[in-house]
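What follows is each chain in one-letter form.
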There are 2 protein chains.
Amino acid sequence: MTSFEDWARERRGHFEAAAERALPAGVFPELLQEAMRWSVLGGGKRVRPLLAYAAGELTQAPEPAVDAAALALEFIHSYSLVHDDLPCMDNDSLRHGRASTHAKYGFAEGVLAGDALQAEAFRVLASVAVPGARLQRLVRLLAEGAGARGMCGGQWLDIKATGAGVSGPGLEDLKRLHAMKTGALIRAAVLMGAASGEERLAVPELFEALSRYGSAVGLAFQIVDDILDVTADTATLGKSAGKDREEGKATYVSLLGLDEARRLAAEAGREAAAALDGLERDPRYAGKTRRLEELARFVVSRGR
Amino acid sequence: MTSFEDWARERRGHFEAAAERALPAGVFPELLQEAMRWSVLGGGKRVRPLLAYAAGELTQAPEPAVDAAALALEFIHSYSLVHDDLPCMDNDSLRHGRASTHAKYGFAEGVLAGDALQAEAFRVLASVAVPGARLQRLVRLLAEGAGARGMCGGQWLDIKATGAGVSGPGLEDLKRLHAMKTGALIRAAVLMGAASGEERLAVPELFEALSRYGSAVGLAFQIVDDILDVTADTATLGKSAGKDREEGKATYVSLLGLDEARRLAAEAGREAAAALDGLERDPRYAGKTRRLEELARFVVSRGR
């Protein structure tokens, strides 16, 4: 079997080509299309697409179906970065090592490119013909992961908490905030990958186990993000380092310290692995969880 | 048969109740939910829902299905108003005769409430179980009407044209801009209403005629909007009057004068009626186009 690095490289390359086809240059209005391409094709680890591809292996999901889910997820993630970077939000002019979308195209333009990308996410998701119940599940997973009960709700809590200092969120508040802001879309990525495959394999027990896995990976991801904000430099991150402390943001590091944050991330990684262990004991999924396990380890290891 | 006024009043009441159920108060994060409710439940003519209900009569669309389409359309329309009103866009603190969403809840909060409403639109659209091909069509119609090829693309052209003065758009540019900014979602409303009904009635000839109708109504709607910006006062409009001239925006009135703009709106109204005439000659749709015809007349008459 190919190594994780080779698999991830191949999947990323496959994803980039699919994204290039889904957002071709030259579509009218050309500059809007260019801004959308700048937001999506500008790099990134493609964690959500990789999670969708890995989860799709459990249900023998056909490639065009998982591609649509992967693109939709990454369009949502990309638009959220564009809006998070706006001057009225986190105000960051650097993303993926180059100008953020509004810094390059303008403030109003950034709002609109993000808005258009969210619509595009649902368009691309509905571009593949799948049975009605499956499409319904996919649209709902994406909308719930992205909306007020998920990503947008978490971002709302985040801007309300920023700068609140000692009166800011405690550890449980922070966990809830990030379970929505980052966790919901990561969990949606895993579930959407699985939901893109065969009905007879996409059963409630699977979704339950993957939901546990996705929540744990989402938690690990955010803790590691907080760790890297402190330990990595701007060049490595491709975005401004040290911003959390500057803005007086409560983070896992500010609340727990670096060592304890690392311990919590490792614990979340073990929780993710435990969820997969249960699936490995099921003959329908045995031998198919390896990429998900490697992805969980990849997420945790970035913070070491 | 009930009068248009009674029908519209009943449908609006029905829609408000459905919107209240779809966006209940008290959902966490409560203040985000409140901002979304402020944006949607704050009034408006509900033209898109009315168009969807009227078009649904042609295909015997079941009420829960058209409700879902109507809610989705109005959530998209509402979010677009919230984002259009932002300080970095049209910068308007008045909407539906009260504070616009960002004026009441904050700038970043307005961005997020709009973002969450767009996700909510697709969630509510997928909340009704319908055959796969039908849901696919509905999601695509909404996403294309809302996205870069539709509303967002038109708004992009609009911000690029604003203040451009004599070097700004000519009549054909303006028509293209508004066919995207306003027309695309109005056309989507008509088509989604029809697409919510029975497959045997939702045939290509119907979509073709309704597409012609929707484009004509969309054009009339925008011309009338431009006329009202000049002829009505802020209290009547519920939003700031006279803004177009203030901002040096090219409008149908600035390019054509008031009389010629009124003539063009009436012509668009006749084009809409002609599209319906063709359907009336089809036994499948005969006697079912009345509400659409009345809606076209309603849109045009507002500008007189």
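- An unreviewed UniProt entry annotates chain A as Polyprenyl synthetase family protein of Mesosutterella faecium.
- What the UniProt record of chain A gives under Cofactor (unreviewed entry) is the line "Mg(2+)".
- Checking UniProt for chain A, the heading Sequence similarities (unreviewed entry) contains the comment "Belongs to the FPP/GGPP synthase family."

**Let's talk about the relation of the copies chain A and chain B**
Moving on, step 1. Once chain A is rotated about the relating axis by 180° and shifted along it by 0.0 Å, it coincides with chain B to within an RMSD of 0.0 Å. In symmetry terms, the pair is related by a two-fold rotation axis. Within chain A, the C-alpha atom positioned nearest to the axis of rotation is that of A:Gly132, 1.5 Å from it.
Moving on, step 2. Both copies share a contact surface, since 100% of the interface residues of chain A are interface residues in chain B too.

**Concerning the interface of chain A and chain B**
A common way to express how large an interface is: the accessible area buried when the components associate.
Moving on, step 1. With 51 residues of chain A at the contact, the number on the chain B side is 51 residues.
Moving on, step 2. Note on chain A versus chain B: buried area summed over both sides is about 4,400 Å², and carbon and sulfur give 72% of it.
Moving on, step 3. Looking only at chain A, the three residues that lose the most surface to chain B are A:Phe28, A:Leu112 and A:Trp156, adding up to 16% of its buried area.
Moving on, step 4. For the pair chain A and chain B, the interface holds four salt bridges.

**So, the packing of helix H8 (residues 151–161) of chain A against helix H6 (residues 107–125) of chain B**
Packed helices, taken two at a time, are described by the angle between their axes plus the distance between the axes.
Moving on, step 1. Packing of H8(A) against H6(B) brings their axes to within 9 Å, and their N-to-C directions diverge by 170°. Taken together, the axes of H8(A) and H6(B) are roughly antiparallel relative to one another. Residue-level inspection shows A:Cys152, A:Gln155, A:Trp156, A:Ile159 and A:Lys160 of H8(A) in contact with H6(B), the latter providing B:Ala108, B:Glu109, B:Leu112, B:Asp115 and B:Ala116.
Moving on, step 2. For the contact of H8(A) with H6(B), a count of residues per class yields six nonpolar, one polar and three charged.

**Some details on the environment of B:Ser211**
Residue and element names in this part refer to chain B.
Moving on, step 1. Take Ser211: it is sitting in helix H10 (residues 204–231).
Moving on, step 2. Sequence separation of Ser211 and Ala272 is 61 residues, and the distance between their C-alpha atoms is 9.6 Å.
Moving on, step 3. Once residues lying within four places of it in the same chain are set aside, the contact partners of Ser211 are Arg187 and Leu191.

**As for unusual backbone geometry**
Residues and elements named next belong to chain A.
Moving on, step 1. Cis peptide bonds are those with omega within 30 degrees of zero, and the linkage from Phe28 to Pro29 qualifies with -10°.
Moving on, step 2. Its location among the elements puts Pro29 in the loop between helix H1 (4–22) and helix H2 (30–40).
Moving on, step 3. In the Ramachandran plot, Arg46 falls in the positive-phi region, its phi being about 60° despite a non-glycine side chain.
Moving on, step 4. With respect to the secondary-structure elements, Arg46 resides in the loop between H2 and helix H3 (47–56).

**A word on the nonpolar core**
Moving on, step 1. A:Leu142, A:Tyr213, B:Leu142 and B:Tyr213 are the most contacted members of the largest nonpolar core, which has 184 residues in total.
Moving on, step 2. Setting aside residues no more than four positions away along its own chain, A:Tyr213 makes contact with A:Leu51, A:Val190, A:Ala272, A:Ala275, A:Leu276, A:Leu292, A:Leu295 and A:Ala296.

**Some points on the pattern of salt bridges**
Moving on, step 1. What the rule picks out here adds up to 50 salt bridges over all chains.
Moving on, step 2. The partner of B:Arg37 in a salt bridge is B:Glu20, and the shortest N-O contact between them spans 2.9 Å. Residue B:Arg37 is found in helix H2 (residues 30–40), and its partner B:Glu20 is found in helix H1 (residues 4–22); the two are separated by 17 residues along the sequence.
Moving on, step 3. Its relative accessible area of 37% is what places B:Glu20 among the partly exposed residues.
Moving on, step 4. For B:Glu199, the salt bridge identified is with B:Arg134, shortest N-O distance 3.0 Å. With B:Glu199 in the loop between helix H9 (171–195) and H10 and B:Arg134 in helix H7 (residues 132–146), this residue pair connects regions lying 65 residues apart in the sequence.
Moving on, step 5. Accessibility expressed as a relative area gives 42% for B:Glu199, which makes it partly exposed.
Moving on, step 6. Look at B:Arg134 and you get buried, because its relative accessible area is 15%.
Moving on, step 7. The network of salt bridges with shared partners includes A:Asp90, A:Asp158, A:Lys181 and A:Lys249.

**Describing the side chain of B:Arg95**
All names here are of chain B.
Moving on, step 1. Topologically, Arg95 is positioned in strand E1 (residues 94–95).
Moving on, step 2. Judged by its relative accessible area of 17%, Arg95 falls in the buried class.
Moving on, step 3. Polar contacts involving the side chain of Arg95 include one to the side chain of Asp85, which spans 2.9 Å.
Moving on, step 4. Leave out the neighbours within four places in its chain, and Arg95 touches Leu81, Asp85, Ser100, Gly238 and Lys239.

**So, the side chain of B:Asp226**
Moving on, step 1. Topologically, B:Asp226 is positioned in helix H10.
Moving on, step 2. Nearest to the buried, unbridged B:Asp226 among oppositely charged side chains is B:Lys249, at 7.7 Å.

**So, H3(A)**
All names here are of chain A.
Moving on, step 1. For H3, the tally of buried residues reaches ten of ten residues, placing the bulk of the element in the interior.
Moving on, step 2. Looking at H3, one finds that the buried residues are Val47, Arg48, Pro49, Leu50, Leu51, Ala52, Tyr53, Ala54, Ala55 and Gly56.
Moving on, step 3. Elements in contact with the buried residues of H3: H1, helix H4 (63–84), helix H9 (171–195), helix H10 (204–231) and helix H15 (290–301).

**Re the packing of aromatic side chains**
Moving on, step 1. Counted according to the given criterion, the structure contains eight aromatic pairs over all chains.
Moving on, step 2. On the basis of an interplanar angle of 20° and a centroid distance of 5.4 Å, the ring pair of A:Phe107 and B:Phe107 is categorised as stacked. On the criterion of chain membership, the pair formed by A:Phe107 in helix H6 (residues 107–125) and B:Phe107 in helix H6 is interchain, its members lying in two chains.
Moving on, step 3. Since its relative accessible area comes to 24%, B:Phe107 is described here as partly exposed.

**Overview of H4(A)**
Counting along an α-helix, one turn takes 3.6 residues, and residues three or four places apart therefore face a common direction.
Moving on, step 1. Spanning 22 residues, H4(A) covers 31 Å between terminal C-alpha atoms, matching the ideal 32 Å at 1.5 Å per step.
Moving on, step 2. Within H4(A), 20 of the 22 residues are buried, which leaves the element mostly enclosed by the surrounding structure.

**Some points on the environment of B:Ala18**
Moving on, step 1. One can find B:Ala18 in helix H1.
Moving on, step 2. C-alpha separation for the pair B:Ala18 and B:Pro64, spaced 46 residues apart in sequence, amounts to 9.5 Å.

Parameters at a glance
Residues numbered from 1 in each chain as written. Chains lettered and ligands numbered in written order. Predicted model: local features only at pLDDT ≥ 70, side-chain atom pairs only at ≥ 80, totals over all residues. Heavy atoms only, no water. UniProt positions renumbered as here; feature names shortened; annotations may be inferred. Least-squares fit on C-alpha atoms with pLDDT ≥ 70 in both. Contact = heavy atoms within 4.5 Å. Buried area = accessible area lost by both parts, 1.4 Å probe. Salt bridge = Lys/Arg side-chain N within 4 Å of Asp/Glu carboxyl O. Axes fitted to C-alpha atoms, helices over the stretch in contact; angles between N-to-C directions. Helix = DSSP H or I, 4+ residues; strand = E, 2+ residues; numbered from the N terminus. Parallel < 35°, antiparallel > 145°, perpendicular 65-115°, else oblique. Nonpolar A, V, L, I, M, F, W, Y, C, P; charged D, E, K, R; others polar. Core = buried A, V, L, I, M, F, W, Y, C linked by side-chain atoms within 4.5 Å. Buried < 20%, exposed > 50% of the residue type's maximum accessible area, 1.4 Å probe, protein only. Polar contact = N/O pair within 3.5 Å; in protein donor to acceptor, adjacent residues only side chain to side chain. Lys, Arg positive; Asp, Glu negative; His and termini not counted. Phe/Tyr/Trp six-rings, centres within 6.5 Å; stacked < 30°, edge-to-face > 60°. Expected span 1.5 Å × (residues − 1).

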